[in-house]
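Commentary on secondary and tertiary structure
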Amino acid sequence: MISTVTREDELLRAWVKLSGILKNNRITKGLMYNEATVMLLLYNRYCEDGEGIISVKEIIKETNMLKSLVNRTLNSLEKKGLLIRFKGDEDRRKLYVKCVKEKLDVFLEVHNCSLRVANGIISIIGEDDADSFIRIVDKIEKAGYSL
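Residues numbered from 1 in each chain as written. Predicted model: local features only at pLDDT ≥ 70, side-chain atom pairs only at ≥ 80, totals over all residues. Heavy atoms only, no water.

Moving on, we come to the packing of aromatic side chains. In this structure the tally under the stated criterion is two aromatic pairs. Consider the rings of Tyr43 and Phe107, whose centres lie 5.5 Å apart with planes at 50°: the pair is tilted. Of this pair, Tyr43 sits in helix H2 (residues 33–49) while Phe107 sits in helix H5 (residues 104–142), and the two are 64 residues apart along the sequence. Where Phe86 meets Tyr96, the ring centres are 5.7 Å apart and the plane angle is 20°; that geometry is what we call stacked. (Phe/Tyr/Trp six-rings, centres within 6.5 Å; stacked < 30°, edge-to-face > 60°. Helix = DSSP H or I, 4+ residues; strand = E, 2+ residues; numbered from the N terminus.)

What follows is the structure in structure tokens.
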């Protein structure tokens, strides 16, 4: 029996292709993917406030990672000297992490490699499609969709 290819089939095919392209380009050379994801959050916060402090709870929320995976990732980044953990002043039960400013160059090397991949994609699809892609991903995230 031959069936027609559905929109859902095409979406999954596109997803698998994009995943393969990103995997083959090693978008996070030098750090594990989850490490680079957490460091990107810290770096963005550092650019906003000059401190780069974020709660562990916020990392879990922003990354959709399991708490245990976030903790393993933080342990690894702490061993590499890229961040420090500390308890809140007001609520000692609340845990925070802070990027180590002197080690940001390690992350920025990885980040610049990722930016080159992103720029390569933009040069292929164009800025309008890149904006559409960002809008679509944001829409999926705002809907709270989780696999």
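Here we take up the packing of H2 against helix H4 (residues 67–79). Axis angle and axis distance: for two packed helices, these are the angle between their axes and the distance between the axes, and together they describe the pair. Running from N to C, H2 and H4 cross one another at 85°; their axes reach a closest spacing of 9 Å. Viewed along their axes, H2 and H4 adopt a mutual orientation that is roughly perpendicular. Contact with H2, carried on its side by Asn34, Glu35, Val38 and Met39, involves Leu69, Thr73, Leu74, Ser76 and Leu77 of H4 and no other residues of that element. For the contact of H2 with H4, the per-class residue count stands at five nonpolar, three polar and one charged. (Axes fitted to C-alpha atoms, helices over the stretch in contact; angles between N-to-C directions. Parallel < 35°, antiparallel > 145°, perpendicular 65-115°, else oblique. Contact = heavy atoms within 4.5 Å. Nonpolar A, V, L, I, M, F, W, Y, C, P; charged D, E, K, R; others polar.)

Reading across from one edge, E1-E3-E2 is the order of the three strands in this open sheet, with antiparallel pairing throughout. The sheet terminates laterally at strand E1 (53–55) and strand E2 (83–87), the two strands that pair on one side only. Sheet twist, expressed as the average angle between the axes of neighbouring strands with direction ignored, equals 30°. Relative to strand E3 (residues 95–99), E1 runs antiparallel, the two being bridged by three bridges. Note that in E3 the partner of Ser55 across the bridge is Tyr96. In the packing of H4 onto the sheet, the strands contacted are E2 and E3, and the crossing angle to E2 comes to about 120°. (Pairing = 2+ DSSP bridges.)

Below, the discussion takes up the pattern of salt bridges. In this structure the tally under the stated criterion is seven salt bridges. Between Lys98 and Glu51 there is a salt bridge, and its shortest N-O distance comes to 3.2 Å. Taken together, the residues span a long stretch of sequence, with Lys98 in strand E3 and Glu51 in the loop between H2 and E1 at a distance of 47 residues. Notably, a salt bridge pairs Arg93 with Asp91, separated by 3.0 Å at the nearest N-O pair. By relative accessible area, Arg93 is classed as exposed at 74%. Through salt bridges that share partners, Arg45, Glu48 and Glu58 make up one connected network. (Salt bridge = Lys/Arg side-chain N within 4 Å of Asp/Glu carboxyl O. Buried < 20%, exposed > 50% of the residue type's maximum accessible area, 1.4 Å probe, protein only.)

Looking at the element boundaries, Lys57 is found in helix H3 (residues 56–63). Expressed as a C-alpha distance, the spacing of Lys57 and Arg13, which sit 44 residues apart in the sequence, is 34 Å.

This part is about the packing of H2 against H5. For the pair H2 and H5, the least separation of the axes is 11 Å and the interaxial angle reads 115°. The orientation of H2 with respect to H5, classified from their angle, is roughly perpendicular. Between H2 and H5 lies a crossing whose hand is left-handed. Taken together, the residues of H5 that come into contact with H2 (itself represented by Ala36, Met39, Leu40, Tyr43 and Tyr46) are Leu104, Phe107, Leu108, Val110 and His111. (Left-handed = near helix turned anticlockwise from the far one by under 90°.)

Over its 39 residues, H5 runs only 30 Å from end to end, short of the ideal 57 Å by more than 12%, given 1.5 Å per residue. Buried within H5 are the following residues: Leu104, Phe107, Val110, His111, Cys113, Ser114, Val117 and Ala130. (Expected span 1.5 Å × (residues − 1).)

Function-wise, these values are silent; they only describe arrangement.
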